[in-house]
Amino acid sequence: MKKIILAVTALVIALNVNAQDSSAKHSVALNEVTTNSNISRAWIASLRAEIMEGLLGTGRVEVLDVTTVEGFPGDESMQISFLSDKDAETFLKCQFNSLNTTRKTNDEGKVSWTTKANYTLTLIDVATGGVKSTNTYEESGFSSESDEKAMASAIGSVSSTMKKFVESAFPLTATIKALDKVHPKKGVESLYITVGSNAGVQEGQPFEVFVETDIAGSIITKKIEKVTVKVKEVVAPNMSLATVSGKGAVELQTAFENGEKVTVVSRPKWNPLDEFIK
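Residues numbered from 1 in each chain as written. Predicted model: local features only at pLDDT ≥ 70, side-chain atom pairs only at ≥ 80, totals over all residues. Heavy atoms only, no water.

Draft legend 1. Looking closely at the overall build of the protein. Across its full length, the protein holds 6 helices and 15 strands. Taking all 278 residues of the protein together, the buried fraction comes to 45%. Surface summary for the protein: the accessible area is close to 14,700 Å², and the carbon and sulfur share equals 50%. (Helix = DSSP H or I, 4+ residues; strand = E, 2+ residues; numbered from the N terminus. Buried < 20%, exposed > 50% of the residue type's maximum accessible area, 1.4 Å probe, protein only. Areas by Shrake-Rupley, 256 points an atom, 1.4 Å probe, with all protein chains shown as cover.)

Draft legend 2. Summary view of the packing of helix H1 (residues 41-57) against helix H3 (residues 147-155). Interhelical geometry of H1 versus H3 gives an angle of 30° and a closest axis separation of 10 Å. Here H3 runs roughly parallel to H1, going by the angle between their axes. In this structure, H1 meets H3 at a crossing whose hand is right-handed. Mapping the contact onto sequence places Trp43, Ser46, Leu47 and Glu50 in H1 and Glu148, Met151, Ala152 and Ile155 in H3. Taken together, the residues that form the contact of H1 with H3 break down as 5 nonpolar, 1 polar and 2 charged. (Axes fitted to C-alpha atoms, helices over the stretch in contact; angles between N-to-C directions. Parallel < 35°, antiparallel > 145°, perpendicular 65-115°, else oblique. Left-handed = near helix turned anticlockwise from the far one by under 90°. Contact = heavy atoms within 4.5 Å. Nonpolar A, V, L, I, M, F, W, Y, C, P; charged D, E, K, R; others polar.)

Draft legend 3. Focus on the pairing of strand E11 (residues 206-215). Burial within E11 is extensive, with 7 of its 10 residues counted as buried. Judged from the 6 bridges that link them, E11 and strand E15 (residues 261-266) form a sheet pairing that is antiparallel. Residue pairing for E15: Glu212 is matched across the bridge by Lys261. Note: E11 against strand E12 (residues 218-223), 6 bridges, orientation antiparallel. Its bridge partner lying in E12, Asp214 is registered against Ile219. (Pairing = 2+ DSSP bridges.)

Draft legend 4. Structural detail: the nonpolar core. Among the nonpolar cores identified, the biggest contains 29 residues, and Ile51, Leu92, Phe96, Leu121 and Phe165 are the most heavily contacted of them. Taken together, the elements giving at least two residues each to this core come down to strand E2 (26-35), H1, strand E4 (90-105), strand E5 (111-125), H3 and helix H4 (158-169). Here this core gets 6 residues from one element, more than from any other, and that element is H1. Every residue in contact with Ile51, bar those within four places of it in the chain, is listed here: Leu30, Leu92, Cys94, Leu121, Val158 and Met162. In this structure, Ile176, Ala199, Val227 and Val264 belong to the second largest nonpolar core, which totals 23 residues. (Core = buried A, V, L, I, M, F, W, Y, C linked by side-chain atoms within 4.5 Å.)

Draft legend 5. Structural context of the side chain of Gln253. Positionally, Gln253 belongs in helix H5 (residues 249-257). Those residues in contact with Gln253 that sit more than four places away from it in its chain are Leu179, Val182, Gly187 and Val188.

Draft legend 6. Focus on H4. Taking 1.5 Å per residue as the helical rise, H4 with its 12 residues ought to reach 16 Å, and the 16 Å between its terminal C-alpha atoms agrees with that figure. When H4 is considered as a whole, its buried residues turn out to be Val158, Ser159, Thr161, Met162, Phe165, Val166, Glu167 and Ala169. (Expected span 1.5 Å × (residues − 1).)

Draft legend 7. Region of the structure containing the packing of aromatic side chains. Tallied over the entire structure, the rule returns 3 aromatic pairs. Ring centres of Phe72 and Phe82 lie 5.6 Å apart, and the angle between their planes is 80°; on these two criteria the pair is classed as edge-to-face. Here Phe82 lies in helix H2 (residues 76-85) and Phe72 lies in the loop between strand E3 (61-65) and H2, a separation of 10 residues in the sequence. Judged by relative accessible area, Phe82 falls into the buried class, the value being 17%. With a centroid separation of 5.6 Å and 25° between ring planes, the pair formed by Tyr119 and Tyr137 is classed as stacked. On the criterion of sequence distance, the pair formed by Tyr119 in strand E5 and Tyr137 in strand E6 (residues 131-143) is long-range, its members being 18 residues apart. Among the aromatic side chains, those forming a connected cluster through ring pairs are Phe72, Phe82 and Phe91. (Phe/Tyr/Trp six-rings, centres within 6.5 Å; stacked < 30°, edge-to-face > 60°.)

In structure tokens form, the structure reads like this:
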């Protein structure tokens, strides 16, 4: 069980549909995990390994492990400028807040252990030195065998959480390049978008759709409702074939054919609203 218990955003990560297309993977420098709690080095190392695995597992980011970089400064005031020279876009810090396990015995005398692992991720923009986001997460683990296995279960959930973290922190942005298949009544059924393997996009990745419209000389951006664009096949470093579903397909097609700029922005792969789009 994973639960975000605190989300304090120092500088909101906005889905800026006017941004340039995502043409390459984001570069993330991963710092050492710190703690003010009495947590063993082994569990600290395990947490960091899960964070690393989760980041790399998305295929969306390149990770620079600062522990392997020669000359990485211990002085925090010098770290950002050092990473800037290494072409890192962001610097990810982790504070391991707590690792608590409770023991419970049921009415039948059977013993079980439940662990809660609490940690905070802070993402820093290397270009500005400003904090992009700070979020605290809590992972839960359970075992009927030992407290060690309960702790391992909690820590083992971190890599899955990191996938959601990447989707939120590094949304993919692209434009529609061309229409592929069009239904005479239901509108466009498939199209090509300007994002591909260079950015680590994967089959099944869904996107929300936005359109820029010129109204009396002012550019207005609005979301096209009830439509989802989903990658069917990554066909090139900067190109993917995607399917289109939902009643908004006609509006999307009309906007594109009228020469309006249609932009797609990635969102998490599962959304409970998907069932209502159709």
